[in-house]
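# Observations on the three-dimensional arrangement
What follows is each chain in one-letter form.
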Amino acid sequence: MESQSPGNTAQDAWSQHVASLKADFPGRSREIDALSTMLVETPYLSSVSIRRVPKSSSFSNTTLERGGTLVSVSSVPSLFVYGDSGTGKTSLLRALLRPFELEGLVAFVNCLECHSPRLLFEHLIDQLLSAGADFGERGLAWTAGTELDPTHGYARSYRCDSLVDFINKLREFDDARIHFGIECSSNSEDPLLSASMKTNNLKRSIYNEISGSITNSPVSRLKDFHFLRATRFLVFDHAERLRDADPQLLAQIMRIFELTPHQNTATVPILISASPPTTFVDPLFAPLPRVIHFPPYPTGILVAILRRYRPPLDPDLVALHDGFAWLLIDMVGSSTRNIVEIVHVADVVWRKYVEPVTEGKIKATDSTRLYRNIQPFIKDVLDKLYLREISGLDSSGWALRAPGPSRTTGLAGRQIDIQLPRHTKFLLIASFLASYNPAKYDRKLFSKEAAGRQEKRGKKGLQIKETRGKLRQQLLGPKAFPLERMKAIFFIVLDTSIEDSVAVDTQIATLFSLRLLLRLTSAGSDRLDSMRCRCAISYDYAQRLAREVNFDMGKYLIDFT
Amino acid sequence: MKRRRGNGDGANNGDGEAAAEKYVSLTRSSFFILPDGAANANALQEAGNARQRTAAGPGARKKAKSSDTTHTTSTSAPAPAHLPFQRCVFDSTFTEPEALCALRQRKYTTAWRRVSAKIEDVLLSLNRDAIDNISRFVEMDHWPLDVTVLPNRRDIPTGIIISGLTLPTHDLLHRLFAHIQDLHPAPFPLYAPPDARHTDTDSPAPAPHVSVRVAHLVPSDCTTLRAALRVLIESFAFASSEGGVGGGGEEDPSDDEDPDPEDPDNFTVAPRPLDTTSTHFSFRRPTRTGRAVVHDMRVLLAWWRDERREGREHRLVVVVHDVEAWGAGVISDLISVIAEYTTSLPLILLLSLATSTDVLHQTLPSAVVGMMRPERFYLLQGGECLDGVVEELFVHSASPLKLSSALYSLLLDHFNARALSLPTFVHHLHYALLAHYFRDPLSVVTGVDPDEEGEGEWEKVLRLMEGVGDKEGNGGYGEMARVAWRSVVSLAESDPFPSPWDAAQVSSLLTCTPRVFLTHHVPEILRTLRTHAADREVSWRALKHLAAAAGVKFRAASVLRHVLDPEGTGLGGSEWMARVVGNVVRKSPRELAKVLEGVRDMLREVEGDAERSHRVRERAGEAADELEPVVEHVKRFDGVVAGVGVDLAALKRMASAAHGARRTKLARKLREEEEESRREAERGTWMGAVREVEGWIDAYINLGLRSSCAVGVVGWEVEYFDDVGVIENTFMPQLFPSSHVALAASATYLRCECCPVPQRHGEHVVSPTMHDTSIAYGLYLEQGKLINMYDWFQSFKAVVAPEERGHADGAGELGERDGSGGGAETPTKGSAKGKGKATVRNGSGGQESRGAMNGSTDDGESGELAVGDLTCDADLKMVQVRFARATAELQMLGYIRPTKRKTDHVAKLKFV
Amino acid sequence: MPPRTATSSAPALATSTMESHSPTQTRKSKRTRSEMEESDADEGVVSTPKGKGKGKAPMASTPRNDTSAGLSSPAARDPHEPSQQTIHDATLARAVVVDRLSGRIVPEKEELVGLDEQYSALMTVLEGTVARGESNSVLLVGERGCGKTATLDRVLQDLHARLRSSPPSPPTAASTNAPAEHLPSKPFLLVRLNGRVHTDDKLAVRDIVRQLDVERDMEGTEFSSLSPLMHHLLSLLRLSDRTTVPVVFVLDELDAFADRPGQRLLYNLLDAVQGEKGNVAVVAIAAGVDVLDKLEKRVKSRFSGRRILFHPPTGMPAFETLARNALTVRVQHRVSAEYAEMYAKRMEALLADPSFKKTLKRLSELSSDPRSVLWAMIPAAAQISPAKPFLEPGAFDGIANPPDVVATEIRCLPPLSLVLLCAAVRMQRRSIPCFNFAMCWDEYRSLVNRASARGSAGAVERWKKSVCLKAWDHLTSREFLQPQGGSLGGLGGANKAPKEHRMYRLAVEADDVERAAGGPGVSADVRTWARE
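Small disclaimer: the values here were computed from a predicted structure and weren't measured.

### Quick word on the overall build of chain C
Check the secondary structure of chain C and you find 26 helices and eight strands. Residue burial in chain C is summarised as follows: out of 532 residues, 56% are buried. Here the analysis covers contacts within chain C between residues at least 6 apart in sequence; of these, 76% occur between residues at least 24 apart.

Written out as structure tokens, the structure is:
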């Protein structure tokens, strides 16, 4: 009669699971609760274990002893998990659903990676069917198809590139599964189940499910619903990709709960995205899915996380690390709250921070001096780290590339001078001028007599009205210009007089391939004589160029500050 | 058309002037000879020689003038530029023996092979440390345990290789990765707890042997994410496509052309293209395709796990070439996909950039940038590579290349101003080399060592060369050499003769029989050149040493330019050198002594080095010996004076003196005298010591580094490549001018006498003897922006038609002249009628209209045609065909393009 | 089954769920936070008061966050535990209610509010086909979620129940037996097609074949076009006595089918229906009334104009009955009697509860279609648990107006991003609807300069431009800023313009930003910038 109270042990196992999660994910207990209320209506410890749980499973052991596994039973039509990247949406869901994953009831798919319906559905099916291996040879037949191995040239046995195929495949799979369930439950010692098996209801209901028509005999509900009504979760990460790529498919997926009506195994889509839920509203799909919001971590939690996942430390440094965490977040917190970024920075700075302690220069308790010690270092390295200009990786003597009198700065310095041929630099400057100066001023600026005039009255002499407004070209960005115009400017601007030759064109081509110059008219068009393009370099870059070829660009720039 | 006749008369007048002209022209423009018989150019050849044509460019007229002397080649077809070499054949006087021609060719091939090999080595050795760093990076453990690791989260270890747009990155990187393949990095620590489903499969102990696999992603074949992933996975998993993988390499075709929404890159489930078109329904059981979905990362994952279970672990290196050229969407997606798998696969990313890292920040969203843990590597940039190459090729190699200063500075300028690309530089070099060997019969002696002990190469070559010409050697190599080498001629003119020469020698040089010249003087010349080379190498080393000591940047390329500086002073005169010397001598005695000793030891070392040629060694020894006393002298002042004691005024004077060297001989003489006096004054003083140092530098570095062509060693042409024209015309041609010349004044290339050559620049003449395309072009020039095809055809016919009549009566020239003259005004007449017809048959394009024209001319109106009575319309058809072809070619050349604006019209394309 | 006292930790879940609402929660978190601050204080880390303020700000902004892990270990349990029976009942009740709300089970007839005549009309039609063997076609028209499909299912199920002659034998999963064997065992066959799922005819046909369970008969057959295929299909269903098994085709999302080129599937289907002597019914479902006009002539002519209109319930009473029907749990759901009546009492109380009435009203105003109203109740109903075995009025508060997550996100933004957003807002106010980073950066710089000129220096950091650009990038990736192709100088596609010049438009409410700037821990300057 042990298993007559499946609820308890299941609840037990489940709540333990949840508790451990809360420990693993600081500051997420609210979301965890919300999720588990929505997703896990009734955790049920099916004594008809469809899958023998691998010993190495990370999941809580109570269930292992009982030899059963949790199945969730829930009826939420769909779910939307919203939150910034690095707020633990995916990993939390993974952890939360892991027990059901063992049952083959959960599938995670990354819409960014699965850029086509076929990939999408096949990834899903692979994960869902992989549980089949454990029920009978029929199940094996199912699973075999999903396993990619060299003997088949890593090919799947099936092909599934539409929702219809997907649904059908699942339906068939479930039928197989159910029958396996009946077979082994009819000879299982579980009185409840075997009893329910004896009554015809179950069989009929199952049969009716299969035959596509519907029954709803309330009598048979309780007896077998646990076993039959296990819910299946499909998690779509980066759902916004799906939305952008193919809204129709997204609509289908969000309605998959309705589209698989009255199945034993309900299928619940869960969308994960960093884009606002309102952007997912679909006219065909009136009710917006229930949104679970993962707000950004507040400072305290960030610290807690840094604590939780810190590298192994010797005990006397622990306190120091905590202090450090606060310090660090105080420094970077103003520009980012993203834990990933913070961790990336933390690794490097922490090394520098403890250095004097490990070397015994400063005592671990004297954090003021430590701070003073770190401060100059932080000042210049912080932004670079944050922008991933330099690497934090520091292992096996691969020196931490921090600024300082090291080889790196030399290289970084070399970054400055631009490796371009002299004329090409002029070409770039010319195109910069062409795309930031209105064409109507060209004569005034570049014609021979303009030079003289500029001597006299400077730029104001050209009656060019300067709008210092927000809509000035400098801010609006580069305009498109015909190539001819740019060339003309080039020949004027260039200090040495050369005649137009192939070399110039080849250089322009190079600029195109380097994306320093953007061609707007397609290469295919036969308009040899008029090609429009746009200059892609920034003002500073242009200035650097001008300085290197010592060319006074300011003289020719209109309305720049 | 008439064959070219009377070639003799140019050659037969034996006076040296013409002969020189002849030979020079031979060595100048033999590239642009049309072989005999090919002269009546047909379209095919035009196309074939288009490149040579355009290459001719501006200098065309000069060549035209010089080229009425004959050139014929043994091979009839125009050779693809180099192979096989053409024997130089002069009428009667000089024919190059096969053997020598072959020899030239052999010398060329070997020379080039040596050069290119050297360049490769230089590049590799220059980038050695970058390469080592990269391989270290690939090999190291990127997943150390002592860093904070968030669940399911790892950065991509990313190597950013900044290669500059200058280097042939690919070759270099490929070579690099060839060597990376056999690294053995640490095994990959799987993320714990690993992905739940694979716990059981991944438990076994780490694989013993870890190898590296590399996938090269080139933007051209990764236009979509799908394509990129496919390339990635194929080159990892299906690289060695053994039986098991089967057809795994290529995806099942059905996957591509069946209505697979994956093509090209996005979803769109419905409506499936195929299904909307075909209404074909068939019911098949799904069967195992046996082919993988190759762009599916799960495949890669499965493969990697299998391998690992087999005990083979791979570290996967993804090389993304030319990041700039990628589509922003594709590369960012690719990187984020890779980031997804960092916990389950040991993926390493290598991005090769041309410009700088801002490209990454520009093209990638910052979120994606945040997935990478970047490490930067700098391959050497173009300039440095060039320096290395130049130094290796022009100074250090056993028999260095030699470029005349003009040519060298041309190349250098092009490098700095235009290309900044080593490959281009190398191409130019290659072509110069080719030109030298290809066109100069005398190149057989290039780089030959006359006093090689035993039966050396020199003897062989000499024997062959002596076979040519009469027993005096007239019309043989000797004569050719003497008259072709400008340096000899200029020597004759120079007055007074430059230093080593006196009147007797000069006269003997000029008056001796060609044979003597060949047997006696040429080897002499070769010897001098070799000594110079040797000197240069030694001095170069010393100079480098000094420059390092002086803390002046040593840019080999620019230094070499100074060295080759045509104005005699060479390096000595340059500010750069002045700075070096200044910095050196400003040092304190002890330091100075140290520096000098350093130099001396270096020289000694060279002297002792048995590898080097004896010339180099003795030269080094000599220099060292000379240096000894100087060092002693300097040492004596140690402690007595502080180095700064040298008054800067003196240095200034010295520098100015150095510049003074550039002025007249008189000035030089004066300078020497005052030098002398100063020496007297300063004897025993510190200044004196400094002077000695400078003296030494001057003697052993500046002089040693003087280049033979710069100081005008007689006959330097034998080894120096100095054909600026070829390079300019071949690599920096001005397309439109040259093609204009080629079309408007084709005679300048064809050198036929039948066709008139326009006298004044800009004007053009049309004559029926010309090639059709030229005629059409000539008429084209007269037209406006829109060209009426009919009128054009009429005038074309008017020009071409008289040709028949021209054959009929002997007075060809006249007939042609006025014929063409008539042709010029025909359009006005022709068009009057043509217009009406053109309007009648409307809408048709150029071709059809021509066809229709034909029809119209058939029905009896041929009589009223303005010029040229075409008796049978067969000829007319012929004319039309020719016209069609001509216009087609013009269109292909981009002069005209069909327009919609007006029927039967084509538009001129305006050119810059 | 006998009730057993269980040693279950069921409440653990419950406690955790309750915690999220209990006021003690926040107190706890406050305490932990304060001690954290102490810790960093006594470690003497030099953190300016400003820094602490920063540290606290987001904390205050998301008060419901609890900070410390492991607060809710299973150790924490309240003494009185629900009996086994309640656990059982509650679980069951929850399942029943949620299932009904989510429409996972077919509603009983009486649960269909005000759809009786539709029910009967549909019933007659289908009966006509199934029992009397007459071919029919009918169109169900009505707004989304007002019960078309539900009614249909109900009808079908009742038909099925009524007509089932003998309990059929359960076939094995890959049911391989020929139609002749099992066809008669079913009263009728059902084929469901959905225009938005069966996106093309091939798919549709394949699915028809599958649902008719005649794959192995179609094995290897080929058809050049649809019509012969259809006829072949129906012929397969023909029985010895020349009568076919009744088939009901359900075409959901008819308009999607109508949009297909040529409407081939529709045409052939209806044509086959006409051609066959009887036994085929086509039930089309569409949301738009105008769908009939979309049909081609040839299709329309073959379609019997019979339409059944569905209307969403109107007025509070209707919705209340809806809610009541949805929430009821009866004894025949195998809950214990006492629980059932207790539940009923509580439910009535709930329905009477004014706040609930308000919520319901609000919901009905939000969207008139019942389904979305019911779905909105799911999270509330899902809170039934052994610990809280009955519906609580409190649970239903706030389901009508869920929190504005975007606003929360903005409130939690780091200062830098907030400042940038402020700049963007200012742009918008200056009637520059489209702007790019360069402009906002310029604005930001001028603002900072002004501030420092006014002497309130250091209040706002001066970030590097590149850092700002990264923040900006983040904002765009969060879609708080929405890219504008083409407009203003045509700086469109990613490859067509440098990053800082790509044009964007503000995609969030300006006053959200303002409110966020008003929040605690934001410097006064920023607040003023956001406001003016």
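### Looking at the overall build of chain A
The number of helices and strands found in chain A is 25 helices and 10 strands. Counting over 561 residues, chain A shows a buried share of 65%. Sequence-distant contacts, at least 24 apart, represent 71% of the contacts inside chain A between residues at least 6 apart. Accessible area of chain A: about 18800 Å², with a carbon and sulfur share of 55%.

### Let's talk about the sheet that holds strand β8 (residues 896–898) of chain B
Residues and elements named next belong to chain B. Taken together, the three strands give an open sheet; going across it, the order is β7-β9-β8, and neighbouring strands pair in antiparallel fashion. Of all strands in the sheet, those with a lone pairing partner are β7 (786–788) and β8, marking the two edges. Taking each pair of neighbouring strands and ignoring which way they run, the sheet shows an average axis angle of 40 degrees. Relative to strand β9 (residues 905–908), β8 runs antiparallel, the two being bridged by three bridges. Among the inter-strand pairings, I896 is bridged to a residue of β9, identified as K908. Across the sheet, helix α35 (residues 789–800) lies against β7, β8 and β9, angled at about 60 degrees from β7, the strand it touches most.

### Describing the sheet that holds strand β6 (residues 267–273) of chain A
Residue and element names in this part refer to chain A. Taken in spatial order, the five strands make up an open sheet running β4-β5-β6-β3-β7, and their pairing is parallel. Two strands in the sheet have a free side with no partner beyond their single neighbour: β4 (106–110) and β7 (290–294). Averaged over all pairs of adjacent strands, the angle between their axes in this sheet comes to 20 degrees, without regard to strand direction. Across five bridges, strand β5 (residues 232–237) lies against β6 in parallel orientation. Bridge assignment links L234 to a residue of β6, and that residue is P269. Where helix α2 (residues 29–39) meets the sheet, its contacts fall on β3 (79–83), β5, β6 and β7, and the angle it forms with β7 comes to roughly 155 degrees.

### Focus on the nonpolar core
Counting 91 residues, the largest nonpolar core has B:F394, B:W576, B:W696 and B:I701 as the members making the most contacts within it. With residues up to four places along the chain from it excluded, the contact list for B:W576 reads B:L543, B:A547, B:V552, B:K553, B:F554, B:V559, B:H562 and B:L571. Residues A:F80, A:L242, A:L387 and C:F480 belong to the second largest nonpolar core, which totals 86 residues.

### Quick notes on the domain arrangement of chain C
Residue and element names in this part refer to chain C. Domain boundaries assigned for chain C yield domain 1 (114–309), domain 2 (316–396) and domain 3 (406–531). Contact residues are listed per partner, giving four residues for domain 1 and four residues for domain 2. Three residues, E143, R144 and G145, lead the burial of domain 1 against domain 2; their summed loss comes to 88% of the area buried on that side. Along the contact surface separating domain 1 from domain 2 lie zero salt bridges. At the junction of domain 1 and domain 2, the tally comes to zero residue pairs in polar contact (both at pLDDT 80 or more). Looking at the side of domain 1 that touches domain 2, its residues break down into one nonpolar, one polar and two charged.

### Some points on the packing of helix α21 (residues 415–429) of chain C against helix α26 (residues 524–531) of chain C
Residue and element names in this part refer to chain C. It is the contact of α21 with α26, at a shortest axis distance of 8 Å, that shows an interaxial angle of 25 degrees. Comparing their axes, α26 and α21 come out roughly parallel. Considering only the axes of α21 and α26, their crossing is left-handed. Contacts from V419, C422, R426 and R429 of α21 reach α26 at V526, W529, A530 and R531. Looking at the contact of α21 with α26 residue by residue, the classes come out as five nonpolar, no polar and three charged.

### Description of the UniProt feature "domain: ORC5 lid" (unreviewed entry) in chain A
Per the UniProt record, the feature "domain: ORC5 lid" (unreviewed entry) sits at residues 327–373 of chain A. Along residues 327–373 of chain A, the helical share is 70% and the strand share 0%, with 13 Å between the first and last C-alpha atoms.

### A look at helix α17 (residues 405–419) of chain B
Counted at 1.5 Å a residue, the expected span for α17(B) with its 15 residues is 21 Å, and the 20 Å between its end C-alpha atoms agrees. Burial runs high along α17(B): 12 of the 15 residues are buried. When we look at burial in α17(B), the residues that qualify are B:S405, B:L407, B:Y408, B:S409, B:L410, B:L411, B:L412, B:H414, B:F415, B:A417, B:R418 and B:A419. Contact partners of the buried residues in α17(B): α19 (422–436) and α24 (502–513) of chain A together with α16 (382–396), α18 (422–439), α24 (556–564) and α31 (724–731) of chain B. With its phi angle positive at about 55 degrees, B:L420 sits one or two positions after the end of α17(B).

### Observations regarding the confidence of the model for chain A
Residues and elements named next belong to chain A. Averaged over all residues, the pLDDT of chain A is 72; the fraction at 70 or higher stands at 66%. Confidence drops under pLDDT 50 across residues 1–7; counting only partners more than four residues distant or on other chains, this segment forms nine contacts. Confidence over residues 393–416 falls short of pLDDT 50; this stretch has 54 contacts with residues more than four positions distant or in other chains.

### Quick word on unusual backbone geometry
Across residues other than glycine, the phi torsion is negative in most instances, and most of the peptide bonds are trans. All names here are of chain A. The phi dihedral of H238 falls on the positive side, at around 55 degrees, and the residue is not glycine. Tracing the backbone shows H238 in the loop between β5 and α11 (239–245). Residue class for H238 comes out partly exposed when judged on its relative accessible area of 23%.

### Here's the deal with the pairing of strand β1 (residues 136–142) of chain C
Residues and elements named next belong to chain C. When you tally the buried positions in β1, you get seven out of seven residues, the bulk of the element. Where β1 meets strand β5 (residues 280–286), six bridges bridge the pair, whose relative direction is parallel. Bridge assignment links L139 to a residue of β5, and that residue is A284. Sheet topology places β1 next to strand β6 (residues 307–310); four bridges connect them, and they run parallel. The residue of β6 that forms the bridge with V141 is L309.

### Structural notes on the state of the cysteines
Under the criterion given, the structure shown has zero disulfides over all chains. Between A:C111, a free cysteine, and A:C114, which holds the nearest cysteine sulfur, the sulfur-to-sulfur gap is 7.1 Å.

### Let's talk about the pattern of salt bridges
Under the defined criterion, the tally for this structure stands at 59 salt bridges over all chains. For B:R619, the salt bridge is made with B:D535, and the minimal N-O distance between the two is 3.7 Å. One end of the pair, B:R619, is in helix α27 (residues 614–636); the other, B:D535, is in helix α23 (residues 514–550), with 84 residues separating them in the sequence. A salt bridge links C:K294 to C:D259; the shortest N-O distance between them is 3.6 Å. Pair noted here: C:K294 is in helix α13 (residues 291–294) and C:D259 is in helix α11 (residues 254–259), with a separation of 35 residues, a long-range link. Counted as one network, the salt bridges with shared partners bring together B:R600, B:D601, B:R604, B:E607, B:D625 and B:E628.

### A word on the packing of aromatic side chains
Aromatic ring pairs: the centre-centre distance and the angle between the two ring planes describe each pair. Per the counting criterion, the structure on display carries 32 aromatic pairs over all chains. Ring geometry for A:F551 and A:Y556: centres 5.6 Å apart, planes at 5 degrees, overall stacked. Like A:Y556, A:F551 is buried. Of the aromatic side chains, those joined through ring pairs into one cluster are B:Y777, B:Y780, B:W792, B:F793, B:F796, B:F883 and B:Y895. Stacked on the ring of A:Y309, the Lys or Arg A:R308 has its end atom at 5.5 Å from the ring centre. Stacked on the ring of C:W375, the Lys or Arg C:R371 has its end atom at 5.8 Å from the ring centre.

### Here we look at the packing of helix α25 (residues 510–518) of chain C against α26(C)
A pair of packed helices can be characterised by two numbers: the angle between their axes and the separation between those axes. Residues and elements named next belong to chain C. Look at α25 against α26: their axes get within 8 Å of each other, and the N-to-C directions meet at 160 degrees. Classified by the angle between their axes, α25 and α26 sit roughly antiparallel to one another. Here α25 runs over α26; the crossing is left-handed. Contact residues: α25 offers E514, A517 and G518, while α26 offers V526, R527, A530 and R531. Here the contact of α25 with α26 is built from residues that sort into three nonpolar, one polar and three charged.

### A word on the confidence of the model for chain C
All names here are of chain C. Counting all residues, the mean pLDDT for chain C is 73, and 75% of those residues have values of 70 or more. Across residues 165–184, where pLDDT falls below 50, the model places 20 contacts with residues more than four positions away in sequence or in other chains. A low-confidence stretch, residues 487–494 stays under pLDDT 50, and its non-local contacts, those more than four residues away or across chains, total 23 contacts. Reported for the predicted complex are a pTM of 0.76 and an ipTM of 0.82.

Rules and cut-offs
Residues numbered from 1 in each chain as written. Chains lettered and ligands numbered in written order. Predicted model: local features only at pLDDT ≥ 70, side-chain atom pairs only at ≥ 80, totals over all residues. Heavy atoms only, no water. Helix = DSSP H or I, 4+ residues; strand = E, 2+ residues; numbered from the N terminus. Buried < 20%, exposed > 50% of the residue type's maximum accessible area, 1.4 Å probe, protein only. Contact = heavy atoms within 4.5 Å. Areas by Shrake-Rupley, 256 points an atom, 1.4 Å probe, with all protein chains shown as cover. Pairing = 2+ DSSP bridges. Axes fitted to C-alpha atoms, helices over the stretch in contact; angles between N-to-C directions. Core = buried A, V, L, I, M, F, W, Y, C linked by side-chain atoms within 4.5 Å. Domains from an automatic or database assignment. Buried area = accessible area lost by both parts, 1.4 Å probe. Salt bridge = Lys/Arg side-chain N within 4 Å of Asp/Glu carboxyl O. Polar contact = N/O pair within 3.5 Å; in protein donor to acceptor, adjacent residues only side chain to side chain. Nonpolar A, V, L, I, M, F, W, Y, C, P; charged D, E, K, R; others polar. Parallel < 35°, antiparallel > 145°, perpendicular 65-115°, else oblique. Left-handed = near helix turned anticlockwise from the far one by under 90°. UniProt positions renumbered as here; feature names shortened; annotations may be inferred. Expected span 1.5 Å × (residues − 1). pLDDT = per-residue confidence, 0-100. Disulfide = S-S within 2.5 Å. Phe/Tyr/Trp six-rings, centres within 6.5 Å; stacked < 30°, edge-to-face > 60°. Lys NZ or Arg CZ within 6 Å of the ring centre and 35° of its normal.

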